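Examining the three-dimensional arrangement
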Amino acid sequence: MKKLGLLFLLLQFSCTSQKSVKINGVSFVASREEATQEHVNSILNVNANHATVMPFGFIRDMDSAIISFNTQRQWFGETKNGTEQYINILHKNKIKVMLKPQIWIRRGIFTGTLKMQTEEDWLSLEKSYEDFILTYAELAQEKKVELFCIGTELEQFIANRPLFWEQLIAKVKNIYKGKLTYAANWDEYTKVPFWKKLDYIGIDAYFPLSEAKTPTVEELKTAWQPWKIKIKAIAEENNKQIIFTEFGYRSVDYTANKPWLVDRIDQAVNLKGQVNAKEAIFSEFWKEEWFAGGYIWKWFLNHKTSGGENDNRFTPQNKPAQETIKSFYKYN
């Protein structure tokens, strides 16, 4: 009997040890300054084990295909040197990294609508975007980054130039030997044609869930069900796990109605709504085997001056939602 009991304990330990560790991540926002140990301590304090590092390339206008990146005019954290410094200090603290180069179009135009009008402009965009991505794929390989994201919310670019994306993925794989994903917008992920060529299906999870001023956790969990069915179906169809490459909610009234809104119009602060939305998404997804985890949008370097109870933006820093994340990440 004692031998059977010991065998049971060993089997139980084996099953527990083989359980995959979820990505409990934050999106580490680029800054003008270098990242310090104090900045990283705030990530460690919420028990995060992953962080996104996001260098930027810029497009002047929708009819301009030229991407400028890694220039002296950019903030330090948006450049290659800054990206490397952020990766180094995160890795020093045993925090894994997703390197996620992103495009910014002047005046904040949504990147999903980026669409050239002529073949010449498409070719120019493709050349500049390839240079941008391969530059950071080389850095990802050099620094042994755990995950590399080949693009973020580029629906029209992908729909109009699918061959380019197939060729780009092949070129990235020749350089970078780690895991690959793409960050599809919440209404785009079903249309992406190349999921089978990547390691994870990435979704920026700003799904509309509730028109309530302060939706309850149970209301939000119920609202997630039809979306979960579709997300799981994509995972099974492609035999890939899902990553929420971004997920988050503003601390405002009606936070789960249109979670993607970033307008700066004064809106009432609602800390409870942000907490409830975080609790619901954790409860619904982190227990699923087909779900690999995700990265909270967003986390600023200067923790002491970020967020706070009068802030209605996305960051959970210095708000009740921070404690929700800290507690959940500790045990999941």
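What this report covers is the structure whose coordinates are included nearby. Not measured: the values here are computed from a predicted model.

**Side note on the overall build of the protein**
- When you go through the protein residue by residue, the secondary structure sums to 9 helices and 11 strands.
- By the compact-globule yardstick of 20 Å for 332 residues, the protein fits well, its C-alpha radius of gyration being 20 Å.
- Referenced to the eigenvectors of the C-alpha coordinate spread, the extents of the protein come out at roughly 75 × 50 × 40 Å.
- If you sum the accessible surface of the protein, you get close to 16000 Å²; carbon and sulfur atoms cover 52% of it.
- Within the protein, the 39 negative side-chain charges are centred at a point lying 6 Å from the centre of the 44 positive side-chain charges.

**Here we look at the sheet that holds strand β8 (residues 179–185)**
- In space, the 8 strands of this closed barrel follow the order β1-β2-β5-β7-β8-β9-β10-β11, with parallel pairing throughout. Sheet twist, expressed as the mean angle between neighbouring strand axes with direction ignored, is 25 degrees.
- In the sheet, strand β1 (residues 23–28) pairs with strand β11 (residues 291–299) via 5 bridges, with the strands oriented parallel. Note that in β11 the partner of Asn-24 across the bridge is Gly-294.
- The sheet strands contacting helix α3 (residues 80–92) are β1, β2 (50–53) and β5 (96–99), and the helix crosses β5 at an angle near 155 degrees.
- Sheet contacts for helix α6 (residues 162–175): β7 (147–152) and β8; angle to β7, the most-contacted strand, approximately 160 degrees.

**Remarks on the environment of Glu-309**
- Examined against the element boundaries, Glu-309 turns out to sit in the loop between β11 and α9 (320–331).
- It is 8.9 Å that separates the C-alpha atoms of Glu-309 and Asn-270, two residues lying 39 residues apart in sequence.
- Contact partners of Glu-309, with chain neighbours within four places excluded, come to Val-269, Leu-271, Asn-318 and Pro-320.

**Notes on the pattern of salt bridges**
- One pass over the full model with this rule turns up 16 salt bridges.
- Residues joined by salt bridges that share partners form a network here, namely Arg-60, Asp-61, Arg-106 and Arg-107.

**Here's the deal with the pairing of β8**
- Among the 7 residues that make up β8, 6 are buried, leaving the element largely enclosed by the rest of the structure.
- In terms of strand pairing, β7 meets β8 through 4 bridges, oriented parallel. Paired with Cys-149 across the two strands is Thr-181, which belongs to β8.
- In terms of strand pairing, β8 meets strand β9 (residues 200–204) through 3 bridges, oriented parallel. Of the residues in β9, the one forming a bridge with Asn-185 is Asp-204.

**Regarding α3**
- End to end, α3 covers 18 Å across 13 residues, agreeing with the expected 18 Å (1.5 Å per residue, within 8%).
- Looking at α3, one finds that the buried residues are Gly-82, Thr-83, Gln-85, Tyr-86, Ile-87, Ile-89 and Leu-90.
- Looking at the buried side of α3, the elements it contacts are β1, α2 (37–45), β2, β5 and α4 (119–142).
- Lys-94 occupies a position one or two residues after α3 and carries a positive phi of about 60 degrees.

Calculation notes
Residues numbered from 1 in each chain as written. Predicted model: local features only at pLDDT ≥ 70, side-chain atom pairs only at ≥ 80, totals over all residues. Heavy atoms only, no water. Helix = DSSP H or I, 4+ residues; strand = E, 2+ residues; numbered from the N terminus. Rg over C-alpha atoms; globule rule 2.2 N^0.38 Å. Areas by Shrake-Rupley, 256 points an atom, 1.4 Å probe, with all protein chains shown as cover. Lys, Arg positive; Asp, Glu negative; His and termini not counted. Charge placed at Lys NZ, Arg CZ, Asp CG, Glu CD. Pairing = 2+ DSSP bridges. Axes fitted to C-alpha atoms, helices over the stretch in contact; angles between N-to-C directions. Contact = heavy atoms within 4.5 Å. Salt bridge = Lys/Arg side-chain N within 4 Å of Asp/Glu carboxyl O. Buried < 20%, exposed > 50% of the residue type's maximum accessible area, 1.4 Å probe, protein only. Expected span 1.5 Å × (residues − 1).

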